[in-house]
Amino acid sequence: MFFFRRQNAKPAPRPSRAPSFALPKRRPPVQLTPSHQHDQLPFLRRSRFSALPHFRAYEDEPENLSLFIAILYVVDLFGIFPFVTLPALLVKLGYFGILLVLSIIFLQIYTSFLLSQCWTMAEHLDPSIQQKRNYPYAALAELAYGPYMSLLVSVLLDLSIFAMAVPSVVMAAENLEAVVLRMSAGHYNFSYCYWAIIVGLVICPLMWLGSPKHMRGLAIIAVCVMIVIVALLWFCLFAAPPIGTPFEGISLELPGFLTVLSSYSILAFQFDIHPVLLTLQIDMKHKSQVSWAALSGISITCSVAIVGSIIAAYKFGSIIADNLLHSLPTSVPFYVMLILMSLQLCFSVTVASSAMFMQIENYFKLPECEFANLIYRLFYFYFSLLALTFKRMLIRSSVLALEVLVAEFVPSFDALMDVVGGTITGPLVFILPPLLYRRIRRMERMHQRIAAEASYGSLPLDLNYDPIELEMEPLLVSTPPSSPRGCWLRMVRLLHRFECDVSCTMGVLIFGLLATFLSTYLNLFSLPNLFTNNSPCLGNMTGHFPQ
């Protein structure tokens, strides 16, 4: 028997002899609606599911992100690294490089789709997971494999975001140093060490904004800056004098295994959005559209980067530098481009670090709150909100200071790409999404089966019932078999029957395990050589001590 709450029933008011001004003010009633009104959830452990309907309160919530703004966020997350480092990578790999780049990007899009589907299924299995929006990736791992896997995912996520911010600070400081050095024709050099501190001071107030839904204006400005950067970069490429014949030195031979493995690490580093993908999905108005945002953002960035790489290969051939900026001649547009690149890197670090900061603030029990709202309400709740704001600023500024400190001792921005991309980013991109998807999908099937058994009792059930097959049957009957739509529907039904999503996840999982193991094994030997060429900051510091 099902029991429903009476929505229109009001309790009788209790008589009171107190005057009306002494009575407490009544709050307006909150409308409660069941999220599973006609469904009985299975009787499983309370740590994962609940057997009672869940109610949500409709209150004033901040406006969520649209699909267009989410695409801008994805484009901003990639930053300018693909435009600067991809040309030399493609030249090194030859014509095989385009195939490798497209393959890695396709796998990135596929695993981002798997990760977004995991969150959608998790919300149906356990609606209380929405309360863990500050650490969604770790919450999925806890739902699927328990607290130890959640701890591992939290550590990998924080390390990945932290390590990805360091090269951005390094490159921004190098660009500003190059502007001063080239404009003065080498007569004056403002050290990279001081520029790194200035970049950190610029990023610091941007870090206080909060989650992605509080950074709409920042994302729009960052993408506008990136459009100007791409226009200036292509102008500098077309204006640069060619060196030798077009595509000189680019071979058709397959590159070596170590070259391919190193290129995989760099590509995994450059096209990684998984640490921030779930945070972006939670803040979206329509959460199911996050896959389209990832697809559109990755496609736009990859297309522009590949076109620029082909132009650079046509101009410079195999003589192109690892950093494309070192191969371009000096000019006024070149100086403007370097300054805008440094500014865009500051925006990219701000957006990418939001997931890490929200997870750290959840550890310190800080509630999610918008910085602008804190300033607005500061006049009313001065002491409590001032303390809350100060804690949030202190945590985020301390982490940023640590990133700047590490950047002072890194010799160049590409020194950490192999280590971060192959060892830290690889598991988050190619191993964990297939694992979580397979596990949560199995849990969803068990959930549906137990719910059916609990609802129908001892009635004979068809446990092989598939709603997708039932919905596609009338479409297949009404569509001619020889038409394109009919062929597409039959192919989709065949793929569903073979459970190709499970097979593809297993293939991606095996690839991720092999690539991560081999990259980590290679990084163990290259790690001692990471700081062989000491950074100028480390050299200046050791120069003050006696030998």
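Anyway, here's the lowdown on the structure attached to this text. Everything quoted here is computed from the prediction, not taken from an experiment.

Some thoughts on the overall build of the chain
Alright, step 1. Scanning the chain for helices and strands turns up 19 helices and 2 strands.
Alright, step 2. For the chain, buried positions account for 47% of its 547 residues.
Alright, step 3. For the chain, long-range pairs separated by at least 24 residues make up 82% of all intrachain contacts whose partners lie at least 6 apart in sequence.
Alright, step 4. With the model as given, the accessible surface of the chain reaches about 29400 Å², and the carbon-plus-sulfur share is 66%.

Focus: empty space enclosed by the protein
Alright, step 1. One pass over the full model with this rule turns up 4 cavities of 30 Å³ or more.
Alright, step 2. Lining the largest cavity are 18 residues; nearest its centre among them are L77, M164, S168, S348 and A352.
Alright, step 3. Sorting the residues of the lining of the largest cavity by element identifies α1 (67-78), α5 (147-183), α8 (257-270), α9 (274-282) and α11 (332-352) as the ones contributing at least two each.
Alright, step 4. If one sorts the elements of the lining of the largest cavity by residue count, α5 sits on top with 4 residues.

As for the pattern of salt bridges
Alright, step 1. Following the criterion strictly, the structure yields 3 salt bridges and no others.
Alright, step 2. A salt bridge links E142 to K132; the shortest N-O distance between them is 3.8 Å. Here the residue E142 occupies a position in helix α4 (residues 136-145), and K132 occupies one in the loop between α3 (96-125) and α4, the gap between them amounting to 10 residues.
Alright, step 3. The exposure class of K132 is partly exposed, given its relative accessible area of 24%.

Brief notes about the packing of α5 against helix α12 (residues 354-363)
Alright, step 1. Where α5 meets α12, the axes come as close as 9 Å, and the angle between the chain directions of the two elements is 135°. It follows from the interaxial angle that α5 and α12 lie oblique. The interaxial crossing formed by α5 with α12 has left-handed handedness. Residue-level contacts link S154, L157, D158, I161 and F162 of α5 to A355, M356 and Q359 of α12.
Alright, step 2. Looking at side-chain class alone, the contact of α5 with α12 contains 5 nonpolar, 2 polar and 1 charged residues.

Brief notes about a nonpolar patch on the surface
Alright, step 1. On the surface, Y95, F247, L252, I310 and Y314 cluster together into a nonpolar patch covering about 550 Å² of accessible area.
Alright, step 2. Considering the arrangement of structural elements, one finds I310 in helix α10 (residues 290-316).
Alright, step 3. Overall, I310 belongs to the partly exposed group, its relative accessible area being 41%.

As for the nonpolar core
Alright, step 1. In terms of nonpolar packing, the biggest core is built from 147 residues, with Y137, L140, L325, L328 and M337 touching the most fellow members.
Alright, step 2. Considering each element in turn, this core owes the most residues, 16 residues, to α5.
Alright, step 3. Residues within four places of L328 in sequence aside, it is in contact with R182, L233, C236, L237, F316, F334 and M337.

Some thoughts on the packing of aromatic side chains
Alright, step 1. This structure, assessed with the given rule, holds 8 aromatic pairs.
Alright, step 2. Taking the centre distance of 5.9 Å and the plane angle of 80° together, the rings of F81 and F269 count as edge-to-face. Taken together, the positions of F81 in helix α2 (residues 81-93) and F269 in helix α8 put the pair 188 residues apart, joining distant regions of the chain.
Alright, step 3. The exposure class of F81 is buried, given its relative accessible area of 5%.

As for the environment of L345
Alright, step 1. Relative to the helices and strands, L345 is located in helix α11.
Alright, step 2. On the basis of relative accessibility, which here comes to 1%, the residue L345 falls in the buried class.
Alright, step 3. When the C-alpha atoms of L345 and M171 are compared, they prove to be 8.1 Å apart, with 174 residues separating the residues in sequence.
Alright, step 4. The residues touching L345, leaving out its near neighbours within four places in the chain, are I80, F81, S168, M171 and A172.

With respect to the environment of V307
Alright, step 1. Its location among the elements puts V307 in helix α10.
Alright, step 2. Using a relative accessible area of 37% as the deciding quantity, one classes V307 as partly exposed.
Alright, step 3. For the pair V307 and W234, spaced 73 residues apart in sequence, the C-alpha separation works out to 9.5 Å.

Some remarks on the side chain of S353
Alright, step 1. Counting through the fold element by element, S353 comes out in the loop between α11 and α12.
Alright, step 2. Classification of S353 by relative accessible area gives buried; the value is 1%.
Alright, step 3. Leave out the neighbours within four places in its chain, and S353 touches I161 and M207.

Regarding the packing of α3 against α8
Alright, step 1. Orientation of α3 relative to α8, taken along the N-to-C sense of each, is 45°, at an axis distance of 10 Å. If you check the angle between α3 and α8, you find them oblique. Crossing of α3 against α8: the hand is right-handed. Across the interface between the two elements, F96, L100, V101, I104 and Q108 of α3 pack against V260, S263, Y264, L267 and A268 of α8.

Rules used in this analysis
The residue count restarts for each chain, going from 1 along the sequence in the order it is written. Since the coordinates come from a predicted model, pLDDT governs what is reported: local features require at least 70, and pairs of side-chain atoms require 80 or more to be given and counted, while whole-chain, interface and lining totals use all residues. The side-chain figures draw on all heavy atoms in the structure; neither hydrogens nor water molecules are used. Working definition: helices are DSSP H or I runs of at least four residues, strands are E runs of at least two. Numbering for both runs from the N terminus. When accessible area is computed with a 1.4 Å probe and restricted to protein chains, residues below 20% of their type maximum are described as buried, those above 50% as exposed, and intermediate ones as partly exposed. Any two residues having at least one pair of non-hydrogen atoms within 4.5 Å are treated as being in contact. Method for areas: the Shrake-Rupley scheme with a 1.4 Å probe, in which residue coverage is limited to the protein chains shown. The pocket and cavity definitions rest on a 1 Å grid over protein atoms only: a 1.4 Å probe that fits but cannot leave marks a cavity, an open set with protein on both sides within 12 Å along at least five of seven lines marks a pocket, and residues lining either have an atom within 4 Å of a point. Grid points are joined across faces, edges and corners, and a volume is the space filled by probe spheres set on the points. One side-chain nitrogen of Lys or Arg within 4 Å of one carboxyl oxygen of Asp or Glu is enough to make a salt bridge. To define axes, lines are fitted to C-alpha atoms, for helices over the stretch in contact only, and angles between the resulting N-to-C directions are given on a 0 to 180 degree scale. Just so you know how the angles are binned, under 35 degrees is roughly parallel, over 145 roughly antiparallel, 65 to 115 roughly perpendicular, and the rest oblique. When the near helix sits turned anticlockwise from the far one by under a right angle, the crossing is termed left-handed; a clockwise turn instead gives a right-handed crossing. When residue character is reported, Ala, Val, Leu, Ile, Met, Phe, Trp, Tyr, Cys and Pro are called nonpolar, Asp, Glu, Lys and Arg charged, and the others, Gly included, polar. To count toward a patch, a residue needs a relative accessible area over 30% and no salt bridge; like charges are then connected within 9 Å, while nonpolar side chains (Val, Leu, Ile, Met, Phe, Trp, Tyr) are connected within 5 Å. Residues grouped as a nonpolar core are buried Ala, Val, Leu, Ile, Met, Phe, Trp, Tyr and Cys residues, joined through side-chain atoms within 4.5 Å. Side-chain rings of Phe, Tyr and Trp (the six-membered ring for Trp) are treated as a pair once their centres are within 6.5 Å; stacked means planes under 30 degrees apart, edge-to-face means over 60, and tilted covers the remaining angles.

Such coordinate-based values are descriptive only and should not be taken to indicate function.
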